[in-house]
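# Residue-level structure breakdown
As a plain string of letters, each chain reads:
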Amino acid sequence: MKFESLVIHGGIDGDKETGAVNVPIYQTSTYKQEEIGVNKGYEYSRTGNPTRAALEKLISDLEEGEKGFAFASGMAAITAVIMLFKSGDKILISNNVYGGTFRVLDKVFNNFNIKYKMVDMTDIKNIETNIDEEVKAIFIESPTNPLMDITDIKAVSDIAKKNGLLTVVDNTFMTPYLQKPLKLGADIVLHSATKYLGGHSDLIAGLVVVNSEELAEKIHFIQNSTGGILQPFDSFLLIRGIKTLPVRMDRHIENATAIAEFLESREEVDKVYYPGLKSHPGYELQKRQAKGAGAVLSFVIDKKYDYKKFMKNIELITLGESLGGVESLACHPATMTHAALPYELRQELGIVDNLIRLSIGIENVEDLIEDLKKAFELIR
Ligand SMILES: Cc1ncc(COP(=O)(O)O)c(C=O)c1O
């Protein structure tokens, strides 16, 4: 089946008992056992639930992995993956990963002596020089959030394999429609499914897919032991969202490309970060490893202009955290998504105060450009 069919008929297609075309919401915590040790595959919903199982099979089919797991949030998914490691282990992370990923490593796992090192992964040599005996995994975001750096996932996975390390990819910005990290050699792919997979800004969810039975057993053990599972109703909502992923994503990209070109043409804008623009240093690599550039882009407003006023001026585009929904959102990374990073580190990375991130929705693109145009005119 091609991807567009798989999002609708993959996983568990409908309900065998009744013929319902959608997997029902099995709103139950426990299951009747025929006799001691005899059940129909389910005992308790932390361990397994049929609605969640349908979602987990679906994401595994879409990422072409061995098994999938659904969690209560993207951060719960990331936390479960980090729990694969033990005291003394070190993880190399992309140098502008999502602020929450940085925070959980810096402020939570640090207490358990699981270490991290930030590395600029756009240059593969930086990874090789940072591998020592403590390093056990490489955690990639590509594109990164919010500066849209592109990392060569296959090259990193090759280095990781040579050194006996796991490669983990946060595929939130791309989704399996655009990029399949496991096919590029990664071992684990994860998502904030809150974003494009859900697609409607109406749920918080996380997904993990692994490439081996051994990793599947470990992640399931962690999922069941620590309990950060996705609930049946949210699993249903996420299955429903995924069905329209390809059509939404096509429109997202069409709109984002037009807006990136518009921003590049404005004199109030110093720099646009969008891997779909030829001016982006990762343009060729992105084209090679993904089917599109996605619909998140960032730009820097020239210091001559008041970026705070610009943010006040936008109307159709909503000021808010998150991304990947049908509605366009604007975010101020320095005080919102990346506030957890110390000021000096933000400056060093390029997450400056006048950097704005947009998540381009699927509204009419002329309306979106008109909104931006008006916001620019009012700061001139
Ligand atoms: C790339 C990325 N990974 C992970 C997360 C965390 O996901 P959640 O908010 O669903 O916990 C986010 C949230 O913004 C994100 O953008």
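In this numbering scheme, every chain counts its residues from 1 along its sequence in written order. Local features in this predicted model are restricted to residues whose pLDDT is 70 or higher, and side-chain atom pairs enter the listing and the counts only when it is 80 or higher, whereas totals over whole chains, interfaces and linings include all residues. Computation of side-chain values covers all heavy atoms of the structure but excludes hydrogens and water.

Think of it this way: one heavy atom of a residue within 4 Å of a molecule or strand is enough to make that residue near it. In the vicinity of the ligand lie 14 residues, with Met-75, Asp-170, Ser-192, Thr-194 and Lys-195 positioned nearest. We call two N or O atoms a polar contact when they sit within 3.5 Å, provided that within protein one can donate a hydrogen and the other can accept it, with sequence-adjacent residues counted only if both atoms are side-chain atoms. Here Asp-170 contributes a side-chain N or O atom positioned 2.6 Å from a nitrogen atom of the ligand. The separation between an oxygen atom of the ligand and a polar side-chain atom of Ser-192 is 2.8 Å. Accessible areas in this description were obtained via Shrake-Rupley with a 1.4 Å probe; residue shielding takes into account the shown protein chains only. For the ligand, the protein covers 91% of the area, taking 390 Å² as the surface of the free molecule. Counting atoms within 2 Å of the grid points, the majority share of the ligand lands in the second largest pocket. No other element matches helix H3 (residues 74-82), which puts three residues into the shell around the ligand. Here a cavity denotes grid points, spaced 1 Å and computed from the protein atoms alone, that fit a 1.4 Å probe unable to get out, and a pocket denotes an open set having protein on both sides within 12 Å along at least 5 of 7 lines; residues with an atom within 4 Å of a point are the lining. Each molecule is assigned to a cavity or pocket provided more than half of its atoms lie within 2 Å of the corresponding grid points. Runs of H or I in DSSP of at least four residues are treated as helices and runs of E of at least two as strands, each being numbered from the N terminus.

Grid points are joined across faces, edges and corners, and a volume is the space filled by probe spheres set on the points. For the largest pocket, the calculated volume is near 480 Å³. In this structure, the largest pocket is lined by 16 residues; those nearest its centre are Glu-17, Tyr-26, Lys-40, Tyr-42 and Pro-50. Here the residues of the lining of the largest pocket sort into eight nonpolar, two polar and six charged. In this structure, the second largest pocket is lined by 22 residues; those nearest its centre are Gly-74, Tyr-98, Ser-192, Thr-194 and Lys-195. In this classification, Asp, Glu, Lys and Arg are treated as charged, Ala, Val, Leu, Ile, Met, Phe, Trp, Tyr, Cys and Pro as nonpolar, and every other residue, Gly included, as polar.

Across the sheet, which stays open at both edges, the five strands sit in the order S8-S9-S12-S11-S10 with mixed pairing between neighbours. Strands with a single pairing partner mark the edges of an open sheet, and in this sheet they are strand S8 (269-273) and strand S10 (318-319). Here, strands pair whenever DSSP counts at least two bridges between them. Across four bridges, the pairing between S8 and strand S9 (residues 296-301) is antiparallel. From the neighbouring strand, Val-269 faces S9, where its bridge partner is Ile-301.

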